[in-house]
Amino acid sequence: MEDTKDVFVFKGVAERLTLGITRILENMPGVVDVRFAERDPAEKRSLLSWEQKNTCILPEDLRDFYLTTDGFTLTWSVKLDDECVPLGCMMINGVGRLCPLLQPISVFSLRNAPSLADLDWEESSSESGLEPAPSAPHFDARSRIYELDSCGGNGKVCLVYKNCTPGVVAQQSEIWFLDRSLCWHFLTATFTAYYRLMITHLGLPEWQYAYTPYGPSPQAKQWASLYQPLVFNYEVSQTDSAGDVFLNKLDPTKAFRGKAKAPPPKKKQSAQCNSGGTAKGQGNTGRHSGTKR
């Protein structure tokens, strides 16, 4: 009796955590094997230990989330030709795996060894006609970056503290996406907004790339149009109304321009010159003969 009661309590907590997305997924055509991993709440001392170790204060909504469940994992698959193919994955690392993106440099590493800080540069935001975008995080000590989701190797969703000072506790945080080309893209200002965004996109592959200038891959777009048609069509209309600023424009005059013709062989040129010379010589002899007459 107590076991069945615990099962019902867990289902109620899972429904509240997932905002009812598990039932929606189970009723979708072709979706199978919807799994939500049960996790115990994080202890308060582990949260305090993390804050002291990283000199950062966790945002209030993320702290409440960890006090409810130490991380989040929900996966689902689709059935294709009598075979289950893993497709959707929603994941948020627990406190123990909320590690800094930039690991401290080892004492035994080379002095001039390359690092992510070498890729950091200042971008000028003085372009006319563009709205001022949030300043991107830095790979040096000015920002403290912690990985929330590895995105299956397609990038990283990070909890970012910007404008940091060494030895000073950082308080303001944002959620950013780091793509595979190591470019930053702003997602949300709070963890709650990002959590709802993740649930809305059903954890589809590369859904974070919908907030980048170039968008997800064609295969990811096909999955999105199949299982998320309303959001997918809205995002497509938004990109169309914004204009094709980020599309590669093909210039047919340059792309299909023929190669320059090779100059004819020297033998032909000499033959043409000889024929031209004889013709000129015949003309000159004709003129001289005319004058003699």
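In this text, all values refer to a predicted model and were calculated from it rather than measured experimentally.

About the thresholds
Residues numbered from 1 in each chain as written. Predicted model: local features only at pLDDT ≥ 70, side-chain atom pairs only at ≥ 80, totals over all residues. Heavy atoms only, no water. Pairing = 2+ DSSP bridges. Helix = DSSP H or I, 4+ residues; strand = E, 2+ residues; numbered from the N terminus. Axes fitted to C-alpha atoms, helices over the stretch in contact; angles between N-to-C directions. Contact = heavy atoms within 4.5 Å. Phe/Tyr/Trp six-rings, centres within 6.5 Å; stacked < 30°, edge-to-face > 60°. Buried < 20%, exposed > 50% of the residue type's maximum accessible area, 1.4 Å probe, protein only. pLDDT = per-residue confidence, 0-100.

### Looking at the sheet that holds strand β6 (residues 174-178)
Logical step 1: One open sheet holds the 4 strands; their spatial order is β4-β5-β6-β7, and the pairing between them is antiparallel. Of all strands in the sheet, those bounded by a partner on one side alone are β4 (144-149) and β7 (184-188). Neighbour-to-neighbour, the strand axes of the sheet open up by a mean angle of 40°, direction not taken into account.
Logical step 2: The pairing of β6 with β7 spans 4 bridges and is antiparallel. Residue pairing in the sheet places L178 in a bridge with W184 of β7.
Logical step 3: Across the face of the sheet, helix α5 (residues 191-200) comes into contact with β4, β5 (156-161), β6 and β7 while running at roughly 95° to β7.

### Notes on the packing of aromatic side chains
Logical step 1: Taken as a whole and judged by the stated rule, the model has 16 aromatic pairs.
Logical step 2: Considering the side-chain rings of F177 and Y209, the 5.1 Å spacing of their centres and the 80° angle between planes classify their relative orientation as edge-to-face. Taken together, the residues F177 in strand β6 and Y209 in the loop between α5 and α6 (218-227) connect sequence positions 32 residues apart.
Logical step 3: Its relative accessible area of 0% is what places F177 among the buried residues.

### So, the sheet that holds strand β1 (residues 31-36)
Consider a sheet: its strands pair through backbone hydrogen bonds, and that pairing is either parallel or antiparallel.
Logical step 1: Pairing is antiparallel across the open sheet formed by 3 strands, whose spatial order is β1-β2-β3. Taken across any chain shown, the strands that pair with only one partner, and hence form the sheet edges, are β1 and β3 (83-92). With direction set aside, neighbouring strand axes in the sheet form an average angle of 15°.
Logical step 2: Its contacts with the sheet put α6 on β1, β2 (72-80) and β3, and the angle it makes with β2 is roughly 90°.

### Examining the confidence of the model for the protein chain
Low pLDDT means the predicted coordinates in that region are not meant to be read closely.
Logical step 1: Of the residues in the protein chain, 63% reach a pLDDT of 70 or more, and the chain-wide mean stands at 77.
Logical step 2: When pLDDT is averaged over each helix and strand of the protein chain, the minimum, 50, is found for helix α9 (residues 266-292) and the maximum, 97, for β5.
Logical step 3: Of the regions scoring below 50 in pLDDT, residues 239-248 engages in 2 contacts with residues more than four places distant in sequence or in other chains.
Logical step 4: In the predicted structure, residues 285-293 sits below a pLDDT of 50 and forms 0 contacts with residues beyond four places in sequence or in another chain.

### Overview of the side chain of E147
Logical step 1: Note on placement: E147 falls in strand β4.
Logical step 2: Setting aside anything within four residues of it in sequence, one finds E147 in contact with N93, R97, L98, C99, K156, V157 and C158.

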